[in-house]
Each structure stands twice: as C-alpha cells, then as structure tokens.
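Structural overview
Next come the chains, spelled out residue by residue.
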Amino acid sequence: MNKLLTLSLKVIFATDEWFAPARNLLKRDPPEFIASAFTEYGKWMDGWETRRKRIAGHDWCIIQLGVPGIIHGFDVDTSFFTGNYAPYTSIQAACLDQMPSFTLEGDRTGMAASPSQFEAVAQLNTDSWEELVPMIKLNPGYSESCHNYLNVTYPHRVTHIRLNIYPDGGIARLKVYGIGKTDWSTVSSQDLVDLVALVNGGVCVGYSDAHFGHPRNMIGLGRADNMGDGWETARRLDRPKVLKVNEKGILQVRGCEWAILRLGHPGIISKIEVDTNHFKENSYFNLRNFPDSCKIEACSLTPDEENNFIHNQWRSDKPPKWRILLSPQKLKAHHRHLFSGESVVQCGPVTHVRLVIAPDGGVSRLRLWGRPVSNYLTHPQQISKL
Ligand SMILES: NC(=O)NC(NC(N)=O)C(=O)[O-]
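My aim in this report is to walk through the structure given alongside it, one point at a time.

Rules used throughout
- Residues numbered from 1 in each chain as written.
- Predicted model: local features only at pLDDT ≥ 70, side-chain atom pairs only at ≥ 80, totals over all residues.
- Heavy atoms only, no water.
- Helix = DSSP H or I, 4+ residues; strand = E, 2+ residues; numbered from the N terminus.
- Buried < 20%, exposed > 50% of the residue type's maximum accessible area, 1.4 Å probe, protein only.
- Contact = heavy atoms within 4.5 Å.
- Lys, Arg positive; Asp, Glu negative; His and termini not counted.
- Charge placed at Lys NZ, Arg CZ, Asp CG, Glu CD.
- Near = heavy atom within 4 Å.
- Polar contact = N/O pair within 3.5 Å; in protein donor to acceptor, adjacent residues only side chain to side chain.
- Areas by Shrake-Rupley, 256 points an atom, 1.4 Å probe, with all protein chains shown as cover.
- Nonpolar A, V, L, I, M, F, W, Y, C, P; charged D, E, K, R; others polar.
- Pairing = 2+ DSSP bridges.
- Salt bridge = Lys/Arg side-chain N within 4 Å of Asp/Glu carboxyl O.

Before going further, it helps to examine the overall build of the protein chain. Scanning the protein chain from N- to C-terminus turns up two helices and 26 strands. Each principal axis of the C-alpha atoms in the protein chain carries an extent, and together these give about 75 × 50 × 35 Å. For the protein chain, with 386 residues in total, the buried portion stands at 53%. Sequence-distant contacts, at least 24 apart, represent 83% of the contacts inside the protein chain between residues at least 6 apart. Side chains of the protein chain carry 43 positive and 40 negative charges; the gap between the two charge centres is 6 Å.

Structure (structure tokens):
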C-alpha cells in the first residue's frame, strides 16, 4: 500500500505545540531519542507533544494530505513517548474543496494556538468531518508496543485529517496509508497523463527486492529529494566475476530485479521517463549505483487475476502475458531518460507494467504518460471514475 503521508503533507493547525511541534509527526526519518537533549520548554522530543492539560477539552491538529486519496489505515507511532504519551486518540477526515488559507509556519515549540487561529480554523466546514477511527486507547512508545496500526474502511476521497489526542500528550509519527484518487471524469481521453503516478492512483503491487528503498517511491510527487526517495535494491550476489557487454554496450547478465505497478487508470502509454536522479557513478573506480539497463513490459489484468498473482507473489506457473513496452535500454547515472515515438512499443490499453532493471541498483522516478481508456478492465478503486 502506498503511504500518502510521506508526500509533502502539511500541518495546518495544532491546539498546542509546547514541548514539540506537530510537524514532527510527518518526518520521514524514524523517531529518535536523545537523553541529553532539552529545549527551554522541557525535554526535547521527536514528535508532537502538548502540555499537561488542566482545563476542559483535548488537543488536536489538522493535517493536509500531500496526495488526496482513499485511506486504508494509519500507524500512530508513540516511539519514546512513555510517561508522556497520548493515552487515547480518534481520527476524523474530510474532503475540503476549499483549501484553508492559513498554515502554521516555523518552529512552534513553546506555542499554543492563538484565539485568531482558533477562529480561522473554525471556518473549515466542520460538518464534513467524518470519524474514521473512534476514540481508542493507544499503547506507550516502548519498542515492542509503539506502533498502533489501525485499519480503516472509508471509500471516500480525503484531503485532510484531524488527529485528536485525549486529553493531551505526545505522538512521534503519524503514517497515513492509502491509494491516491483522481477525478477521472475531468480528464479527457485525449489528455496525456502520468497513468502510474501515485497522485493518479498508481500502486506498486509486487517487487523482487526493496532492500534500500521501496519501488512505490518511484511514483511519488516531483523529482526525488535524495537516494532514499527512490527504489534501490541490494547488490545481487550472482554478479558475474567477468563482465561482458553486447553491441549496444549493455551488460550481459542473467540476474535482474523487477517491480510491478498497477496504473491508476487503464490506458495507452506513449511516453516514458526513467529517472536515475541521485544514483551516481565514480568512473575512476568504476563504481555505479544506477542499473546498467532497464526494460519495461506491460499487460492487462482483471482484479481477480491481479489478486491471484499477488497471492502467489507473482511466481505462478502461468505468469501474466507481459508484452514489451520499452526494449532494453542502457542507462546513465543521475539522469532523466525520456523515451517516446518509436522507442515506445504500441501495446494498446494496459493496466499493469513491470520495470526490469539489470543487474541491480536504483531508479528514483518512473513516469508513464498515456491516454486513459474508459470502459476497459477496471479495478475496485477505479469503478467510480469511469
Ligand atoms: N520528562 C518529560 O518528558 N516531561 C514532560 N515532557 C517534556 N517533553 O518535557 C511531560 O511529562 O510531559
């Protein structure tokens, strides 16, 4: 499942950020504890932590999702909050057409929301907040109990969530799991769209190796921030001791790594981008962190077929009928490779692609531009769009 949270989410309001600001909830790095770190307000904590409440009410914050979509679950991570963790939480969600015009900026340690900020946040249409998670008890942030995983069944598009803690306390990270959702009725069948983008509902449904970075990162927003924001495999142990290349300069190896992605909408792909941004080389030592070559295959699968393949980890006797979309291409370090025209084989409408890299290494982004095709194979998440 894709993480919506990791994509430039914003905290737009928090009732109190005295000990530690709510924006820490969104950090990509795992939480830390530094025993000797203190701020002028108390113990430095890597999360959101409010004051001990001595008045009625509870603390809450509003978070804007970077990618609007359908939420499948949360991880409320209380790591390192032990005597000061939030004992209860509930989570609400809304699809706000009008984005709020205010955001809390800067370091807000030692701050509480001002009356004017409370007034501004009250303008958000509170009728549209639906309860996704009723008030539940949280576990404290000891390593064996810190992840509070919560499943959600809510089939509507969400743009904002409201995280409530009762009555106060701290949470280290909040992860929101789900699938991006676009309103396909607004997209013309003549428009070229990135059919695999997370924001358009693309999902990684299988892979051979995700040692350093998950392949779902490849369909994230914008260009990758760093190597950690891409797909990176471990070095294959069957790397040949003596290297041979073919006439196109492509390394001749048997081993490869692969990632399978379901498009957000079935479509005809005509333009491809494979970005090896941040995966570099040192030609003096002949060290390379990007794959030597890549190819892309495509196929059409029904939801049942996809489920069976996922169940068998794509290792069935009868594999999908993959067709070549992009023949093997030599790749360069830290480079945006664009393929269009005759380089992209016309496969007709497809629902899934498989990126194969040889022998191993990293790719930061994969973009597949094409025209959406309606009335074709649909997946449950896509039915309402067609
Ligand atoms: N040692 C603490 O963590 N004290 C307090 N919290 C911070 N961050 O200082 C608290 O109990 O709420």
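Our focus in this paragraph is the site of the ligand. Neighbouring the ligand are Phe19, Gly42, Lys43, Met45, Glu49, Arg52 and Asn84. A distance of 2.8 Å separates an oxygen atom of the ligand from a polar atom in the backbone of Lys43. Between Glu49 and the ligand, the recorded distance is 2.9 Å, taken from a side-chain N or O atom to a nitrogen atom. Burial of the ligand by the protein chains amounts to 72% of its free accessible area of 310 Å². Each residue belonging to the shell around the ligand can be placed in one class, and the counts come to two nonpolar, two polar and three charged.

Summarising burial for strand 2 (residues 10-14): four of the five residues are buried, a large majority. Pairing analysis gives four bridges linking strand 2 to strand 7 (residues 59-77), with the strands arranged antiparallel. Its bridge partner lying in strand 7, Val11 is registered against Ile63.

As a further point, take the pattern of salt bridges. Under the definition given, this model contains 16 salt bridges. Residue Arg336 is joined to Glu273 by a salt bridge in which the shortest nitrogen-to-oxygen separation is 2.9 Å. Taken together, the residues Arg336 in strand 23 (residues 336-339) and Glu273 in strand 18 (residues 257-275) connect sequence positions 63 residues apart. Residue Arg336 is classed as partly exposed on the basis of its relative accessible area, which comes to 42%. With a closest N to O distance of 3.7 Å, Glu297 and Lys295 form a salt bridge.

Glancing now at the pairing of strand 21 (residues 293-299). Burial within strand 21 is extensive, with six of its seven residues counted as buried. Pairing of strand 21 with strand 22 (residues 323-330), which is carried by five bridges, proceeds in the antiparallel orientation. Bridge pairing in strand 22 links Glu297 to Ile324. Strand direction decides the pairing type here: strand 21 and strand 24 (residues 350-358), joined by seven bridges, are antiparallel. Looking across to strand 24, one finds that Lys295 is bridged to Val356.

To continue, consider the environment of Cys294. Relative to the elements of secondary structure, Cys294 occurs in strand 21. Residue class for Cys294 comes out buried when judged on its relative accessible area of 2%. Linking Cys294 and Gly66, residues 228 residues apart in sequence, is a C-alpha distance of 30 Å. With residues near it in sequence (within four places) discarded, Cys294 still touches Val274, Leu326, Ser327, Pro328, Gln329, Leu331, Leu355, Val356 and Ile357.

With that out of the way, let us pick up unusual backbone geometry. Here the bond from Tyr166 into Pro167 is cis, since omega is -15°, no more than 30 degrees from zero. As for its position among the elements, Pro167 is in the loop between strand 12 (158-166) and strand 13 (170-171). The backbone phi angle of Phe80 is positive, close to 70°, even though this residue is not glycine. Examined against the element boundaries, Phe80 turns out to sit in the loop between strand 7 and strand 8 (88-94). Even without being a glycine, His278 presents a positive backbone phi close to 80°. On the secondary structure map, His278 appears in the loop between strand 18 and strand 19 (281-282).

As far as function goes, none of this settles anything; it's purely spatial.
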